[in-house]
Amino acid sequence: MTSPLWQLSSIKLRGGKDIESVDLVLGDVRRRPILRQGEGTFMERFDERLSFATDQLSLEVRRQKKRVFRAAEAITESVTVNFSEVQSGSVIKRGKVHITLEVSSQSVSNNPAPDQRSHLAATPGGLKPTTEELIEQCPRFRILVVGKTGAGKSSLINRVFGVKTAGVADDKPGEAMIEKELISPQNDRFILHDSRGFEPAEGRNYDTVRSFIEARKKERHIKDQLHAVWFCFPVPIIEYGERLLEDGAETFLEQSNEALGNIPTVVVFTKYDKLLAHIEVVHEGDPEAEAKRYLQTHCVEPIQKFLKDKAILHVAVSSNPKCERGHDQLTKLTYERVSESFTSQSDMVSAVPFAAAGAQRMVPRVKIESSINVGKQRYWRALASSTNFWGFTMLDCLGVIHTDMISAWNFYDPSGYLSSKEFRDLMVNMTAEVDTSTESSPASANLTRSDTFSGPFPLMAAAVVYLPFAAGLALVRWINESYQRLQNVHQKFMAYIVDLTHVLDILFALKGNEGGKKLTRRAIKLAFNAYYASSWKGKVHDSIRQFKHTITDRDEIIERIEALVLASGREIHVTSVVEGIQPVDLEKDEEWYC
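Predicted model, so just to flag it, every value in this text is computed and none were measured.

(A) Quick peek at the sheet that holds strand S12 (residues 187-195). A sheet is described by the order of its strands in space; here 6 strands give the open sequence S11-S12-S10-S13-S14-S15, paired in mixed fashion. Whereas interior strands pair on both sides, the edge strands pair on one side only; in this sheet they are strand S11 (182-184) and strand S15 (314-316). Sheet twist, expressed as the mean angle between neighbouring strand axes with direction ignored, is 25°. Where helix H8 (residues 351-359) meets the sheet, its contacts fall on strand S10 (141-146) and S12, and the angle it forms with S12 comes to roughly 95°.

Below, the structure is given as structure tokens:
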């Protein structure tokens, strides 16, 4: 029997001036913003057609409902369209919302061979991803960034969240609207609220900021609350007559303890590179040491004075490519503070820290830790005897683990390559090699280079990147066996989790923070090949083979996984592997098998 596989080429929605945003709900539990094309109109054409295994398309429409004598209320409604009722180009009406879709369909088997299952199902085998529940609770990390025009907010946001343009009003005086939710199509896992600073030209903006913060604190749902605040102050050069704080900023800081409450807050001293350049000219000795003393005296201490000596979280940042610094520290500091504020139980992952970890595209270790926390909440527990997997095949079990891990990393992958059947099959076939010794593994027998690629599968050919497995290679037999019938099942889980983490870690080093650039199959293939041929992978598999699982009060398997993915030499391995990859155009896409 066959059923249609629906493919979406474009979407257009019209529905009134009060619509703030429209999100397309994808099959892997992600939300993809539809771009605004005018007042009340949202439209997007997809270069790579989106495929749906179900008969329905779902949209989230967010409106601002105006109320007399009261603040506007944000309302989110779900709009569903059945593909079967759509004629390509015709208008579908849902109340005040008019939707136009360009769709096509093709027939696919309802009973595919085990190694040809579609990757499109959001919940493989009926196992619900843990990340689906977390994203339902808090789809996006919500952050307020406050700073005057020219404070460097755009560069800061672009760098930390890996987007092309943050949309803040650094270069457009007077255009920052604190209530407006700014969502980047290149990273839909965070919402930015942009506020002007407190300089005299902005009037009493501190009242606006204070009112906004107070209103968000009263929001009922955690997704609507404010999750973090960054106050951005350019480092002043005192000799040039520059000031750190204007009168409005001083007033706000004096009242900030009451206004902010427990909202994670970081003071960001921007344009630190200008201070370093100035000190190199006017001072002798170590410019770094002098800059730290200057920062403490002229930036940190003045703010502490207005906060009544309250300790402040602060970071000095430079977004100048020639003198970049501070973004890692800011990211980690924000994530740690958010985790402290929004986590109620030490053994449970919270939706807000998960959103914060996924939104940032600066620190891979934060993503790894978030992925571990998600796994420990359900599917990684007692991997050798888990009741969560009882009765399911290994394909089902690895599928839900794969979905959770990909969601935690949040690459800009609009084509869904990391969720594709092809990439999942690659990971399964690499994992299968843990069943054999390094010497006897036929797939890696000719891959002898330490941390670069050699042999018959070069990292970069003249035109394409070749994979170490042949197209159509059948998956290992155990992938379709029931979970509870396999021997050494914990080794297979361990290898899959650790291998996938390391491949994503390498991919992040290649593409993770390239603002606004889509993930390509070429980049994924390069990362996979580099890890596959490295001594790192061989050592990981050897360690897993030698691991002897015993039943104790501690979950030794999770402990061993953590030790392998967070090993002290992880960054050295990633750097070594990436340095061995020849320069190549990562934006150019290509088929999995050429």
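Back to the write-up after that little detour.
(B) Inspection of unusual backbone geometry at higher detail. In this model, Lys-271 sits at a positive phi of 60°, which is unusual for a non-glycine residue. Assignment of secondary structure puts Lys-271 in the loop between strand S14 (265-270) and helix H5 (272-282). Note on Lys-271: relative accessible area 31%, which makes it partly exposed. One non-glycine residue, Asn-410, lies in positive phi territory at about 55°. For Asn-410, the position within the fold is in the loop between helix H10 (394-409) and helix H11 (421-432).

(C) Inspection of the confidence of the model for the protein chain at higher detail. When pLDDT is averaged along the protein chain, the result is 82, and 80% of the positions lie at 70 or above. Looking across the protein chain, the model is least confident in helix H4 (residues 247-260), with a mean pLDDT of 70, and most confident in H8, with 97. Low pLDDT (under 50) marks residues 108-125, which in the prediction has 45 contacts with non-local residues, meaning those over four places away or in another chain. Within the model, the stretch residues 438-462 combines pLDDT values under 50 with 54 contacts to residues more than four positions away or in other chains.

(D) Spatial organisation of the packing of aromatic side chains. Counting across every chain of the model gives 12 aromatic pairs. Taking 5.9 Å as the distance between ring centres and 65° as the angle between the ring planes, the aromatic pair formed by Trp-409 and Phe-508 counts as edge-to-face. Here Trp-409, found in helix H10, pairs with Phe-508, found in helix H12 (residues 489-512); they are 99 residues apart in sequence, far enough to count as distant. Relative accessible area serves as the criterion here: at 1%, Trp-409 is assigned to the buried category. Relative to Tyr-532, the ring of Phe-469 has its centre 5.4 Å away and its plane inclined at 75°; by these criteria the two rings are edge-to-face.

(E) Looking closely at the pairing of strand S13 (residues 228-234). Of all 7 residues making up S13, 7 are buried, and the element is well covered by its neighbours. The two faces of S13 match: Ala-228, Trp-230, Cys-232 and Pro-234 on one face and Val-229, Phe-231 and Phe-233 on the other face are all buried. Examined bridge by bridge, S10 and S13 share 4 bridges and lie parallel to one another. In the strand pairing of S13, Leu-144 is matched with Val-229. As judged from the 6 bridges shared by S13 and S14, these two strands associate in the parallel manner. Across the sheet, the residue bridging to Phe-231 is Val-267, located in S14.

(F) Just the nonpolar core, in detail. Of all hydrophobic cores here, the largest spans 72 residues; its most connected members are Phe-389 and Phe-493. When contributions to this core are tallied by element, the ones reaching two or more residues are helix H9 (364-377), H10, H11, H12, helix H13 (521-532), helix H14 (535-546), helix H15 (556-565) and helix H16 (570-579). With 14 residues, the single largest contributor to this core is H12. Not counting residues within four places of it along the chain, the set of residues in contact with Phe-493 comprises Leu-383, Phe-389, Met-394, Cys-397, Leu-398, Ile-401 and Tyr-483. Counting 40 residues, the second largest nonpolar core, distinct from the first, contains Leu-182, Cys-232, Val-317 and Ala-357.

Criteria and cut-off values
- Residues numbered from 1 in each chain as written.
- Predicted model: local features only at pLDDT ≥ 70, side-chain atom pairs only at ≥ 80, totals over all residues.
- Heavy atoms only, no water.
- Pairing = 2+ DSSP bridges.
- Helix = DSSP H or I, 4+ residues; strand = E, 2+ residues; numbered from the N terminus.
- Axes fitted to C-alpha atoms, helices over the stretch in contact; angles between N-to-C directions.
- Contact = heavy atoms within 4.5 Å.
- Buried < 20%, exposed > 50% of the residue type's maximum accessible area, 1.4 Å probe, protein only.
- pLDDT = per-residue confidence, 0-100.
- Phe/Tyr/Trp six-rings, centres within 6.5 Å; stacked < 30°, edge-to-face > 60°.
- Core = buried A, V, L, I, M, F, W, Y, C linked by side-chain atoms within 4.5 Å.

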